[in-house]
Amino acid sequence: EENGCKTIDYIKACLDHVEEDYEATIGIYEKSPNIIVNKKINKNLYKDNYFSVTIEVENKDSGVAAQNLLLTETIPKEFMIMETSGCEAEENLIKLNAPIFYSDEKITCSYTLYPQKVGEYKLQTLITYVDGNKLFEVKKEETARVKDYGLGIQLGKLEKENYNINDNVRFKFNVTNN
């Protein structure tokens, strides 16, 4: 009991007000987990260069456990999953299962990807869990923009069109990273 309230499973009943003639006002509230998802991904991604993604899930200040929490992340086919920590890779999926996810508990899933193609890709986290008898979903999406190294070389104008084998040639060029 706390401040005239009593919690039983997912229900919180509170004695709000008592009248002189033994009449009372009682509030009944349904409690539910408060699932918070944070996702960290590097913003500078390059083809053929490994990068890491970290997903943190917390049941913050709810006083109630979530049940059968399942985190899944579908990885685009243009990426290879290299390693995981706190979760598992299964074909093109990252998965984490927490049968009981207590209030104020935190879990972390980290994985490393190897991008094989340049492009823009969605990395969507889907979390499902049961709150008493209801199924809930939480989604968190990040965009992975994979660039090529973009090394461009531009030669300046040559002094003449044809050169002989032993001629010395001096080049001026600019290197840019797009």
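This report concerns the structure included in the present document. (Residues numbered from 1 in each chain as written. Predicted model: local features only at pLDDT ≥ 70, side-chain atom pairs only at ≥ 80, totals over all residues. Heavy atoms only, no water.)

**Considering the nonpolar core**
And then number 1: Ranked by size, the top nonpolar core spans 28 residues in total, and within it Ile35, Val57, Leu69, Phe79, Phe101, Tyr111 and Leu123 carry the most contacts.
And then number 2: If you list the elements that add at least two residues to this core, you get strand S4 (35-41), strand S6 (51-59), strand S7 (66-74), strand S10 (93-101), strand S11 (106-115), strand S12 (119-131) and strand S13 (134-147).
And then number 3: Residue contacts for Val57: discarding those within four places in its chain leaves Ile35, Ile36, Leu69, Leu71, Phe101, Glu105, Lys106, Ile107 and Ile127. (Core = buried A, V, L, I, M, F, W, Y, C linked by side-chain atoms within 4.5 Å. Buried < 20%, exposed > 50% of the residue type's maximum accessible area, 1.4 Å probe, protein only. Helix = DSSP H or I, 4+ residues; strand = E, 2+ residues; numbered from the N terminus. Contact = heavy atoms within 4.5 Å.)

**Observations regarding the sheet that holds S12**
And then number 1: Taken together, 6 strands build an open sheet; the order of strands is S5-S13-S12-S7-S10-S9 and the sheet is mixed. Each having just a single partner strand, strand S5 (45-46) and strand S9 (88-90) make up the two edges of the open sheet.
And then number 2: Pairing of S7 with S12 involves 6 bridges; the strand directions are antiparallel. Pairing of Thr72 across the sheet is with Leu126, part of S12. (Pairing = 2+ DSSP bridges.)

**Describing the state of the cysteines**
And then number 1: Tallying each qualifying case throughout the model produces 1 disulfide.
And then number 2: The partner cysteine of Cys87 in its disulfide is Cys109, sulfur to sulfur 2.1 Å. On the sign convention where negative is left-handed, the bridge of Cys87 and Cys109, at about 75° about the S-S bond, is right-handed. With Cys87 in the loop between strand S8 (79-85) and S9 and Cys109 in strand S11, the pair connects residues that are 22 residues apart, well separated along the chain. (Disulfide = S-S within 2.5 Å.)

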